[in-house]
Amino acid sequence: MCSRFLANLLRKKHEEEWRQTQGPLVRCLTTFDLTMIGFGSVVGSGVYVVTGHLARNIAGPAIVLAFFMASVAALLSGLCYAEFSSRIPKAGSSYAYTYIALGEIWAFIVGWNIILEYFIIAAVLARSCSAVINSLSNGKIVDFFLTHLGRMQISGFIEYPDLLAGLLVIFCTFIVCLGVRQSVKVVTITSLINIAVIIFIIIAGTYYSIGSNTWSSPKKFFPYGASGVLAAGAGAFYCFIGVDQITTASEETIDPYRTLPRAIQLSMFVGFIAYFAVSTVLTLMIPFYELSRSAPLAEAFSTLGFKAGKYVVICGALAAMLSSLLSTLFGAPRIIYSMATDGLLFKFFAIIFEKTKIPIVAALTSGFFVSLLTVFLSIQQLLEMLSIGTLTAYTLLAVSVVVSRYDPHVKSVFPSPEISSISTGIESRQWWKKLFVNCCSLCSESVQKNGYKQILRETPSSYSGRLEKTSDILETSNASEESALIARVAIACTTAALAGILVTLSKCMKFVEQKEPWTIVVLCLCSVLVLFSQIVLCRQPKNRATFPYMVPCVPLLPVFSIAVNLLLIVNLSYWSYIRFIIWLAVGKYL
């Protein structure tokens, strides 16, 4: 009975079940649309607030190096998303990918926590928008609420019900319910405004940086030393969280096998340029220790006497936050829809409104709960619940990439002409179609499964010798069930050993500095286990499956991504773990 229960927890969903050409959602999004969603998610309030905070309190001008480090680390997770999105072009993002590679229980953990993360991110963004609008009114909005609604003297709750933030959530939910094209149009407009303001900041900041000496010596550039750069890198990493929101639109994307990987990498690159350039001009304009705590970019221009620049920056910040809020409220319903379709949440969440082709019940439910969080909970309470879900998803996704490489049942995936030809007046270049359509047409109709062509070992005799050889290379593999099991154990041991090393170094550093014997033993054993597991893993045969996009240097790059994510997880507060467990218990009950 126990074995049956365990089998149910670890059962996987076959890729063929996800590979359906036609679904209830409509494919209409292009690379540009998805890049705008990704940019809106990545470059939200972070570039206007977090940049100044990290420069002032943690890294100084060396914040530019911290953003470079964070972007490289975040890119590793982005590559994992790019590979799976090219394999599984369905709504669900990391939930769907984990379901295929690791099993149901891990998929539920990822999906349920990503939903909470989206809710919290949306609530924080709505509160930030409300604060910006209130600052433009010189505090009159807050005074109105305090006068007419009074104060709430309840621990963990906001001082007053922030109805303006709640109305912003309702407004954005209404836009999401209008349909995918309408939602993305608004996201694109706000993102373009954000881009225009960032370009303005870079140009104006460069002008005011002429003759600056804030970077004139190593001491001025590294006021907090190397440790400050590393600490700021951890904080900067969270600025790049949000790229997964692109993959929630997989089922509504034209040519998802090609469009999604491109959009992920483009949004990450443009986001890095924005953060790197803005942090550069900000720390060159004025000394880092003079930056404002609340609005560093806006106040920097005000300090230099450019009052108009301050209001341009504030407008850009408001557009960035609205774009990020819309992107988040766009993604959350699609995760809920995907989980409901699989029976892990109530089935009515999978209802699609026929006119707009969106999961209407999931969208309205998301808006309702986000508005409640926004109106009543304090930002501090919301922030303490953030991060652990996304980092868990990133970690399990990297593990999934490694596991998939050694799974003998994984098949090559090549896009079919059906998905490629879907368009809404936009013709996409179909070089993959041109390359494979002639070869695929030689196969019998029986090998066509759910909109994808799978290259089989049995090649028709009419194939040319070169094609026959290529097909054999693609599908012939020495990977077996035994080698796949060894690979899964090896990556599990690697992950556990890395966690042991990072917990010891993060939580027990004073014992390490005192050279306590037990810390040396733990670090040595875990290090040996990581090295041995990686040697064993690298010696296992990989399958020969190919996808439109594949993560390079497997297993090394995914393992590095796992290490980065675990480092951030072990440094979260214990309240994050408590809320993580409680939220999982609530989800399992539902």
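Up top is the structure these notes are about.
Residues numbered from 1 in each chain as written. Predicted model: local features only at pLDDT ≥ 70, side-chain atom pairs only at ≥ 80, totals over all residues. Heavy atoms only, no water.

*Asks:* Describe in detail the overall build of the chain, supporting the description with residues and values.
*Replies:* Per the secondary structure count, the chain includes 27 helices and three strands. In the chain, which comprises 590 residues, the proportion classed as buried is 57%. Considering only intrachain contacts with a sequence separation of at least 6, the fraction spanning at least 24 residues in the chain is 83%. Carbon and sulfur atoms make up 68% of the accessible area of the chain, which amounts to about 25,400 Å² in all. (Helix = DSSP H or I, 4+ residues; strand = E, 2+ residues; numbered from the N terminus. Buried < 20%, exposed > 50% of the residue type's maximum accessible area, 1.4 Å probe, protein only. Contact = heavy atoms within 4.5 Å. Areas by Shrake-Rupley, 256 points an atom, 1.4 Å probe, with all protein chains shown as cover.)

*Asks:* I'd like a rundown of the side chain of S71, residues and numbers included.
*Replies:* Relative to the elements of secondary structure, S71 occurs in helix α5 (residues 63-87). Each residue touching S71, except ones within four places of it in the same chain, is listed here: F240, M268 and F272.

*Asks:* Break down helix α16 (residues 307-341) for me, citing the residues and quoting the values.
*Replies:* Over its 35 residues, α16 runs 52 Å from end to end, which matches the ideal 51 Å to within 8%, given 1.5 Å per residue. For α16, the tally of buried residues reaches 28 of 35 residues, placing the bulk of the element in the interior. Backbone geometry just after α16 places G343 at a positive phi near 85°. (Expected span 1.5 Å × (residues − 1).)

*Asks:* Describe a nonpolar patch on the surface, and please don't skip the residues or the numbers.
*Replies:* On the surface, F68, M69, V72, L230 and F276 cluster together to form a nonpolar patch covering roughly 440 Å² of accessible area. If you trace the backbone, M69 turns up in helix α5. (Patch = residues over 30% accessible without salt bridge, like charges linked within 9 Å, V, L, I, M, F, W, Y side chains within 5 Å. Salt bridge = Lys/Arg side-chain N within 4 Å of Asp/Glu carboxyl O.)

*Asks:* Describe the packing of helix α19 (residues 388-406) against helix α26 (residues 556-570), naming the residues involved and giving the relevant values.
*Replies:* The relative placement of two packed helices comes down to the angle between their axes together with the axis-to-axis distance. One way to put it is that α19 packs onto α26 with a least axis distance of 9 Å and a crossing angle of 160°. It follows from the interaxial angle that α19 and α26 lie roughly antiparallel. Both α19 and α26 take part in a crossing whose hand is left-handed. Listed contacts from α26 to L391, T392, Y394, T395, A398, V399, V401 and V402 of α19 are P558, S561, I562, N565, L566, L568 and I569. Residues of the contact of α19 with α26, tallied by class, amount to 11 nonpolar, four polar and no charged. (Axes fitted to C-alpha atoms, helices over the stretch in contact; angles between N-to-C directions. Parallel < 35°, antiparallel > 145°, perpendicular 65-115°, else oblique. Left-handed = near helix turned anticlockwise from the far one by under 90°. Nonpolar A, V, L, I, M, F, W, Y, C, P; charged D, E, K, R; others polar.)

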